[in-house]
Amino acid sequence: MKQVKPKKNLGQHFLTDLSIAKRIADTVDACPDIPVLEVGPGMGVMTQYIVEKPRPFKVVEIDRESVEYLNEHFPKLRENILGEDFLRMDLRQVFDGQQFVLTGNYPYDISSQIFFKMLDNRDLIPCCTGMIQREVALRMASQPGNKQYGILSVLIQAWYDVEYLFTVEPGVFNPPPKVQSAVIRMTRNKVQKLGCNEDLFKRIVKTTFNQRRKMLRVSLKQMLPADSPFFNEYATALTKRPEQLSISEFVELTNWLENYLCANTNA
């Protein structure tokens, strides 16, 4: 069967360097003994190494041409090739509710959406590895005080330990992307509850980083009236910018705001 032609509308950049493909495939070994789900295998450059590991393995691929190629070249995987859109899948049905490792050479334009879905299913996914745009990887692994620190950093690091493993240059892809890539690994931490209203936490993180250059007292005026006593009560703390706050400080800010809202709603 002929090679699959990369499709621009699907953000396909097929990895051609087998040594790098094996290095990425081996990142799943950090979480042994549980199944693996690979997203967007394309022509199976990583698949060929993962399929040899002694563990349940499935792939999900939205591109019909790639699904046909995989069926042709990986006969032992035929019952485990899911021709679906990962973002629309019920992940509890993939391995009958069992935990699994998520991996892949993720399409750059939907990688953030993939990781938000991972967060929504964090009880199912104790480990996530793979390749993404280097800029996104730096944001995910960044610490407070860095310009890369942002929404992804806080929301992912609240639940996962993030490791930036190595950089991958554009020349090992077909077609070469215009940016560098990076391989990351996220391992579920021990946090079960953040200790705050988690929906409000997410809203505060997104609201403040959407105006990352402004002080908290300015960006939070989208959530409270400008003349709210809240801004006087926490005046000193609210002079910070979001990139200066650790996850625990965002939790503290969430509790301040929720307590204020509850007190004023009940008044």
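Before reading on, note that the structure itself is shown above.
Predicted, not measured: the structure shown is a model, and the values here were computed from it.

Draft legend 1. Structural context of the nonpolar core. With 57 residues, the main nonpolar core has Leu-102, Phe-115, Met-140, Met-186, Phe-201 and Phe-230 as its most contacted residues. In terms of residues, this core owes the most to one element, helix H10 (residues 247-266), which gives 6 residues. Leave out the neighbours within four places in its chain, and Met-186 touches Phe-115, Met-118, Pro-126, Cys-127, Cys-128, Met-140, Ile-156, Tyr-160, Asp-161 and Val-162. Residues Val-36, Val-59, Phe-74 and Phe-166 belong to the second largest nonpolar core, which totals 29 residues.

Draft legend 2. Quick peek at the state of the cysteines. Following the criterion strictly, the structure yields 0 disulfides and no others. For Cys-31, which is in no disulfide, the shortest distance to another cysteine sulfur is to Cys-127 and amounts to 3.8 Å. Left without a disulfide partner, Cys-262 is nearest to the cysteine sulfur of Cys-196, which lies 13 Å away.

Draft legend 3. Layout of the pairing of strand E5 (residues 101-104). In E5, alternate side chains face the same way, and those of Val-101 and Thr-103 on one face and Leu-102 and Gly-104 on the other are all buried. Pairing analysis gives 4 bridges linking strand E2 (residues 36-39) to E5, with the strands arranged parallel. When the sheet's bridge partners are listed, Val-36 is paired in E5 with Val-101. Sheet topology places E5 next to strand E6 (residues 127-133); 2 bridges connect them, and they run parallel. Each bridged residue has a counterpart across the sheet, and for Leu-102 the counterpart in E6 is Cys-128. Regarding topology, helix H4 (residues 111-120) serves as the crossover connection from E5 to the parallel E6, and that connection is right-handed.

Draft legend 4. The pattern of salt bridges, seen in detail. Scanning the model with the defined rule gives 12 salt bridges in all. Among the salt bridges present, the one from Glu-135 reaches Arg-139, with a minimum N-O distance of 3.3 Å. Of this pair, Glu-135 and Arg-139 both sit in helix H5 (residues 134-141), 4 residues apart, roughly one helical turn. Salt-bridge contacts for Glu-163 lead to Arg-185; the nearest nitrogen and oxygen are separated by 3.0 Å.

Draft legend 5. Main features of unusual backbone geometry. Following Asn-174, the chain continues to Pro-175 via a peptide bond in cis, the omega torsion being -10°. In this fold, Pro-175 is placed in the loop between strand E8 (173-174) and strand E9 (181-188). Although it is not a glycine, Asp-96 adopts a positive phi angle of roughly 55°.

Draft legend 6. The arrangement of the environment of Glu-65 in detail. In this structure, Glu-65 sits in helix H3 (residues 64-73). For the pair formed by Glu-65 and Gln-3, sequence separation is 62 residues and the distance between their alpha carbons is 9.4 Å.

Draft legend 7. The arrangement of the side chain of Lys-58 in detail. Secondary-structure assignment places Lys-58 in strand E3 (residues 57-60). Notably, Lys-58 is buried but unbridged: the nearest opposite-charge side chain belongs to Asp-96, and the N-O separation is 6.3 Å. With sequence-adjacent residues up to four places away left out, Lys-58 is seen in contact with Val-36, Leu-37, Glu-38, Asn-80, Leu-82, Val-94 and Phe-95.

Thresholds, definitions, all that
- Residues numbered from 1 in each chain as written.
- Predicted model: local features only at pLDDT ≥ 70, side-chain atom pairs only at ≥ 80, totals over all residues.
- Heavy atoms only, no water.
- Core = buried A, V, L, I, M, F, W, Y, C linked by side-chain atoms within 4.5 Å.
- Buried < 20%, exposed > 50% of the residue type's maximum accessible area, 1.4 Å probe, protein only.
- Helix = DSSP H or I, 4+ residues; strand = E, 2+ residues; numbered from the N terminus.
- Contact = heavy atoms within 4.5 Å.
- Disulfide = S-S within 2.5 Å.
- Pairing = 2+ DSSP bridges.
- Right-handed = clockwise from strand over helix to strand, strands pointing away.
- Salt bridge = Lys/Arg side-chain N within 4 Å of Asp/Glu carboxyl O.
- Lys, Arg positive; Asp, Glu negative; His and termini not counted.

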